[in-house]
Amino acid sequence: MIVNRKPLTLAERLYLPAIVGGFRVTIRHALRSLFGGKTVTMEYPEQKWAVPPDYRGAPYLVKDQDGHTKCVSCQLCEFVCPPKAIKIIPPGPAGELADRPNAEKMPHEFEINFLRCIYCGLCQEVCPEEAIFLLKDYSLTGLSREEMVYGKEKLLALGGVHGGIQKWKHKLEEAKEQENFPVKV
Amino acid sequence: MSNTATTETKPAAPAIEKIKVKVDGRELEVPKLMPDWQGKLVPTTMIQACELAKTDVPHYCYHPKLPVAGNCRMCLVEFGTPALGPDRKPVINPDGTPKIAKSPRPAIACATPISPGMEIYTQTPGVKQMREGVLEFLLINHPLDCPICDQAGECKLQEYSVDYGQSASRFVEPKVHKPKAVDLGPRIVLDDERCILCTRCIRFTKDIAGDDALGIVNRGSYNTLTAYPGKVFDNNYTLNTVDICPVGALTSKDFRFQMRVWFLKETKSICTSCATGCNIIVGSREEKVYRYTPRENDAVNACWMCDHGRLNYKWIGRADRLAEVRRQTSEGRSEKTTWTVALNEIAEKLKKAPHGSVAIVASARQTNEEFWLLKKLADKFGALTDSIGYFGEGDKLLLNVDRTPNRTGARLIGICQANVGIKMMVIADSIKVGKVKTLIVFGEDVTKSSLDAELLGKLDTLIVSDILPNETTKRAHYLLPGCAHVEKRGTFTNIKGRVQKFMKAVEAPGDARPEWEFLHDLVYNVTGQDGFLTIEGLFNEMAKDVPAFNGLTWAGLGDTGVTVPT
Amino acid sequence: MCPTIVNNVETLCDVKHIVALGGAEYAKLGTPNNTGTRIVSLSGHVKRPGYYEIETGKVTIGQLINDPAFGGGLREPEPGRPPRKLKAVIPGGSSAKVFKAGEKFKLKRKGPDGQMVEQEMDMLDLPYDFDSLIAAGSMSGSSAIIVMDDSVDIVEALANIAEFYAHESCGQCTPCREGSLWMSKALHRLTHGEGRASDADYLVKIADNIPGGRTICAFGEACSWPVQSFVAKFKDEFIAKGKADEERRAQGKIDPDTTPSQQHESATAH
Ligand code: SF4
Ligand code: SF4
Ligand code: SF4
Ligand code: SF4
Ligand code: SF4
Ligand code: FES
């Protein structure tokens, strides 16, 4: 079906009303801060912005309540990350064991390149272990490109602790409970 | 295709009677008999008929190359057969079609033979519900280790969960727990919680590999796969069980926690570790090879390959790979140079070489195309040519005594005799008496053969192309870095004369170039012959020229190759 | 490997009769289409449990339970308690579908005039043969009759049966292997203070996925029929038990009878 466009009216052809409309919010704030005595800008970095609770800042790795690495190196975040900011080196067959009992696997190295990260939050969403979260940091700076690539230790230190279900620990406890069931091996 | 080259190794079987069946309402004719896992003709099963009808029947325990077990119950389908009246004649509907009596009970498609007029239903609500039921049962005690499971991404349990699984589990009981990370043998780790007890691995190792090493102990839900007590699961085919295990119960120690499979680029290739030439898939990511897995080719390796060949890839990424073109200066110093300089200088020297003063030692690991180009050089200079054989112990299944992938090709093209290496002594003598002044060596450390370091010192020009450094490369006047087979394209001819092609998976390091490319340049510089700048063109030219390959084309080789008379 | 034949006691007893009487004479025993004899293994809450050989179809279930020649009636109550009432009968081994006391069936039988007539009869009046029990939705199976009086907790009884089947499943095929233990675990939970009112439906949904040709052998049917029939016929008891557990848990009370240390004991007590 072809929809014919309505011819533009004079006001539309002038574009001016549209421009004014587009700038309405800007202009309102400009006038208010000029004459209304109400500033909407702040003296950053002396003054700091109050981060809203659901803000998505930089993604960091977190530890569980027992201080163990939650990430199991599944590499789903590496796969999903649109700008390919994440690089994980898996432990391999001879790599160090996970510091979490019963989990078998954790990353040998985990890097996020914060020059690439777009804070989209897909890594947090895809993570099956609740091991990576977008926290509140929004102004990451560095003097070199290398400095902007955060390694595993740094990400874990910045991420802090995030409790929750300890899936692997639960499995261990459940395995012990099996002994008490009447139908046995 | 010419009559010298056939895609089949066996003569055409006598015509098999066809019978009509209906799959989901679509009528088709299927052969009454089809090959079973041993290739023996047996009555066609429902699952084979469905496959011919391009209808997917989900299955776990069924594998076309293994005896049927029928234990997973995932392949249950409903079916009907023509109803028979009291007179044992088919009942006919008013519209003239035979009346179908639907069976009250389902049947497993993997083990139930078809009969004329049978109707198979794979999409009914009943079938869907049975699949959902079986899948739920498989999942209730499954550990859901996917984040740490090497199978994730190529796991049949994951795949069918997408098709038939529920978004949430209604199972609220504690799961059954079994041994994890069990060391089954030198190359295999077993996670019993992930095992769905399909017995594929047991059947493979018993009936294919002939090593009855695995079995199931305990009853009911506590069924546990294990190796026979005190027995190590270490035959030369153990890693095939990792491939056929539909889940992540059996995993390869070599590939353990190395890379997630969804990152791997898959390239069709050929195993180079023996003359059988098993078809493989090379899994690589970011120019690193992570694994070889077998690729089905019924004329060569069915679905299998041996562990020896599978794990023989680590050298490809070695740090000391030759990556620079080097030449020796007049002072005897080795310096880096470029391909153009080196190839031009070599061409100049070769052009001046008198007839019979050049010898060529090729490697039986080279491709047909490379042999053919070397043969062109050899013909031009009346050069002696030979190769070196490598032999080991073979077995009945796949591993051949000949540990090189292309000795047959070298022989068919005329690089070596049936008795490989027989001319090496002649070459050595010719160097000794000063007749041969120029030696071209491809991919061999000749100092380990009759051409020792002292003899090499007598040469005017030693041209060496190789992949890894050795005593011969150290002495080369011209060192031309070549490619591993995963870094180039080409064809090998296996021991039975099957010409098979392989594709490029990763980039070669540094300046290294495929041998056929610079050999082509050299042949052009020396003889002026041109016209095969692509591997396709080169192969087709070769096929015209070499009698054994007459009639072959690169495209005609397909993915699984063509057998030529040897 | 040599083939091995394991004969049932009943088979050997039949062989003895057939040899002694001759096939034709033996076939005259019993009722038409249900010939010969059966050895009934009567167990449960009757005065005289034991093995009784009967002519097939000549004796009813009620007679087997109450006749002084057979069971001799339900066992005596404890002193000072009212007499026992029949609750349920499993007519053909624990895998057969259960009959509830007072259940009525409409069966087609040959009337006195030789015509087939539909006749309503009580569970106890069913003749003990193959066809009648199948027509009533169960089977005479192994001819092991289990009689349960009103002292029986039907959920506990089913838990006991399910536990047996979970232990006996060979584990070859998926539905029976996983389903039998799942049902047993659910029933274990239900009999140990962790039940839910929804467990009745939960059990039936599990059981429905096992039988009907989905398994390699008939054990799949054997382990699911009791669950299907028990829950269908005594659903209110399953729901009541689950509800009671839910309420107790909601109030934070722990049932003194089912403290964890006792769980194992009570599960194996019967
Ligand atoms: S927030 Fe987005 S861009 Fe940043 S690491 Fe996560 S997935 Fe990648
Ligand atoms: S952070 Fe989460 S998604 Fe990323 S590798 Fe670790 S476990 Fe997987
Ligand atoms: S076997 Fe499949 S479903 Fe099971 S943990 Fe591994 S990937 Fe997940
Ligand atoms: S280990 Fe794998 S192949 Fe073997 S029985 Fe278990 S699921 Fe099947
Ligand atoms: S149905 Fe039979 S074969 Fe299948 S698991 Fe049960 S007992 Fe074994
Ligand atoms: S594929 Fe048919 S039963 Fe497993």
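Going by the structure above, here's the rest.
Now for a description of the structure that goes with this document. (Residues numbered from 1 in each chain as written. Chains lettered and ligands numbered in written order. Predicted model: local features only at pLDDT ≥ 70, side-chain atom pairs only at ≥ 80, totals over all residues. Heavy atoms only, no water.)

1. Digging into the overall build of chain A
Okay, so step 1: In terms of helices and strands, chain A carries seven helices and five strands.
Okay, so step 2: Order of helices (α) and strands (β) in chain A, N terminus to C terminus: α-α-α-β-α-β-β-α-β-β-α-α.
Okay, so step 3: Over its C-alpha atoms chain A spans a radius of gyration of 26 Å, topping by over 25% the 16 Å that the globule rule assigns to 185 residues.
Okay, so step 4: Counting only C-alpha atoms and orienting by the principal axes, one finds that chain A spans roughly 85 × 55 × 35 Å.
Okay, so step 5: For chain A, buried positions account for 32% of its 185 residues.
Okay, so step 6: Surface exposure of chain A reaches about 12200 Å², of which carbon and sulfur atoms provide 59%.
Okay, so step 7: A gap of 11 Å separates the mean positions of the 25 positive and 23 negative side-chain charges of chain A. (Helix = DSSP H or I, 4+ residues; strand = E, 2+ residues; numbered from the N terminus. Rg over C-alpha atoms; globule rule 2.2 N^0.38 Å. Buried < 20%, exposed > 50% of the residue type's maximum accessible area, 1.4 Å probe, protein only. Areas by Shrake-Rupley, 256 points an atom, 1.4 Å probe, with all protein chains shown as cover. Lys, Arg positive; Asp, Glu negative; His and termini not counted. Charge placed at Lys NZ, Arg CZ, Asp CG, Glu CD.)

2. A few points about the overall build of chain B
Okay, so step 1: The number of helices and strands found in chain B is 14 helices and 26 strands.
Okay, so step 2: When the backbone C-alpha atoms are referred to their principal axes, chain B occupies close to 95 × 55 × 40 Å.
Okay, so step 3: The 566 residues of chain B split such that 57% are buried.
Okay, so step 4: Here the analysis covers contacts within chain B between residues at least 6 apart in sequence; of these, 66% occur between residues at least 24 apart.
Okay, so step 5: Split by element, the accessible area of chain B, about 23400 Å² in all, is 53% carbon and sulfur.
Okay, so step 6: Positive and negative side-chain charges in chain B, numbering 73 and 68 respectively, have mean positions lying 2 Å apart. (Contact = heavy atoms within 4.5 Å.)

3. Section: the side chain of Thr 215 of chain C
Okay, so step 1: Among the secondary structure elements, Thr 215 of chain C is positioned in the loop between α7 (199-208) and α8 (219-233).
Okay, so step 2: For Thr 215 of chain C, a relative accessible area of 6% translates into the label buried.
Okay, so step 3: Within the structure, the side chain of Thr 215 of chain C is placed 2.9 Å from the backbone oxygen of Cys 217 of chain C, a separation counted as a polar contact.
Okay, so step 4: Each residue touching Thr 215 of chain C, except ones within four places of it in the same chain, is listed here: Arg 73 of chain B together with Cys 173, Pro 175, Cys 176, Ile 210, Gly 220 and Glu 221 of chain C. (Polar contact = N/O pair within 3.5 Å; in protein donor to acceptor, adjacent residues only side chain to side chain.)

4. Description of the site of ligand 1
Okay, so step 1: For ligand 1, the full set of nearby residues is Pro 59, Cys 81, Pro 82, Pro 83, Ile 86, Cys 117, Ile 118, Tyr 119, Cys 120, Gly 121 and Cys 123 of chain A.
Okay, so step 2: Across the shell around ligand 1, the residue classes tally to 10 nonpolar, one polar and no charged. (Near = heavy atom within 4 Å. Nonpolar A, V, L, I, M, F, W, Y, C, P; charged D, E, K, R; others polar.)

5. Side note on the interface of chain B and chain C
Okay, so step 1: In this complex, chain B contributes 31 residues to the contact, which on the side of chain C involves 29 residues.
Okay, so step 2: One can count three salt bridges joining chain B with chain C.
Okay, so step 3: Across the pair Arg 105 of chain B and Glu 221 of chain C runs a salt bridge, and its minimum N-O distance is 3.6 Å.
Okay, so step 4: There are 18 residue pairs in polar contact (both at pLDDT 80 or more) connecting chain B and chain C. (Salt bridge = Lys/Arg side-chain N within 4 Å of Asp/Glu carboxyl O.)

6. Details of the packing of aromatic side chains
Okay, so step 1: Under the criterion given, the structure shown has 23 aromatic pairs over all chains.
Okay, so step 2: An angle of 80° between the planes, with centres 5.3 Å apart, marks the rings of Tyr 60 of chain B and Tyr 160 of chain B as edge-to-face. Taken as a pair, Tyr 60 of chain B in the loop between α1 (46-52) and β5 (76-82) and Tyr 160 of chain B in helix α3 (residues 156-164) lie far apart in primary sequence, 100 residues in all. Both residues of the pair, Tyr 60 of chain B and Tyr 160 of chain B, belong to the buried class.
Okay, so step 3: Feature note: the residues Phe 137 and Phe 171 of chain B together with Trp 182 and Tyr 202 of chain C constitute an aromatic cluster, connected by ring pairs.
Okay, so step 4: Its end group placed over the ring of Trp 339 of chain B, Arg 513 of chain B keeps NZ or CZ at 5.2 Å from the ring centre.
Okay, so step 5: Taking the ring centre of Tyr 202 of chain C as reference, the NZ or CZ of Arg 196 of chain C above it sits at 4.7 Å. (Phe/Tyr/Trp six-rings, centres within 6.5 Å; stacked < 30°, edge-to-face > 60°. Lys NZ or Arg CZ within 6 Å of the ring centre and 35° of its normal.)

7. Observations regarding the sheet that holds strand β5 (residues 86-90) of chain C
Residues and elements named next belong to chain C.
Okay, so step 1: With mixed pairing, the five strands of this open sheet are ordered in space as β4-β3-β9-β5-β6. Sheet topology places β4 (50-55) and β6 (99-100) at the edges, where each strand pairs with a single neighbour.
Okay, so step 2: Looking at chain direction, β5 and β6 are connected through two bridges and run antiparallel. Bridge assignment links Ala 88 to a residue of β6, and that residue is Lys 100. (Pairing = 2+ DSSP bridges.)

8. Points about the pattern of salt bridges
Okay, so step 1: By the definition in use, this model includes 66 salt bridges over all chains.
Okay, so step 2: Two residues, Arg 219 of chain B and Glu 168 of chain C, come together in a salt bridge whose shortest N-O distance is 3.8 Å. Residue Arg 219 of chain B is located in the loop between β11 (214-217) and β12 (224-227), and its partner Glu 168 of chain C is located in helix α5 (residues 154-168); the two belong to separate chains.
Okay, so step 3: Owing to a relative accessible area of 36%, Arg 219 of chain B belongs among the partly exposed residues under this scheme.
Okay, so step 4: Between Asp 254 of chain B and Lys 314 of chain B there is a salt bridge; the shortest N-O distance is 2.5 Å.

9. Section: the site of ligand 5
Okay, so step 1: Lining the immediate surroundings of ligand 5 are Ser 169, Cys 170, Gly 171, Gln 172, Cys 173, Cys 176, Thr 215, Ile 216, Cys 217, Phe 219 and Gly 220 of chain C.
Okay, so step 2: Of the residues assigned to the shell around ligand 5, the class counts are six nonpolar, five polar and no charged.

10. Overview of empty space enclosed by the protein
Okay, so step 1: One pass over the structure, following the stated rule, counts eight cavities of 30 Å³ or more.
Okay, so step 2: Computed from the structure, the largest cavity encloses a volume of approximately 110 Å³.
Okay, so step 3: As for the largest cavity, its lining consists of 14 residues, of which Asn 141, Lys 178, Glu 193 and Cys 195 of chain B together with Glu 178 of chain C are closest to the centre.
Okay, so step 4: Counting only elements with at least two residues in the lining of the largest cavity, the list comes to α2 (125-140) of chain B together with α6 (174-190) of chain C. (1 Å grid on protein atoms, 1.4 Å probe; cavity = no way out; pocket = protein on both sides within 12 Å on 5 of 7 lines; lining within 4 Å. Points joined across faces, edges and corners; volume = space filled by probe spheres on them.)

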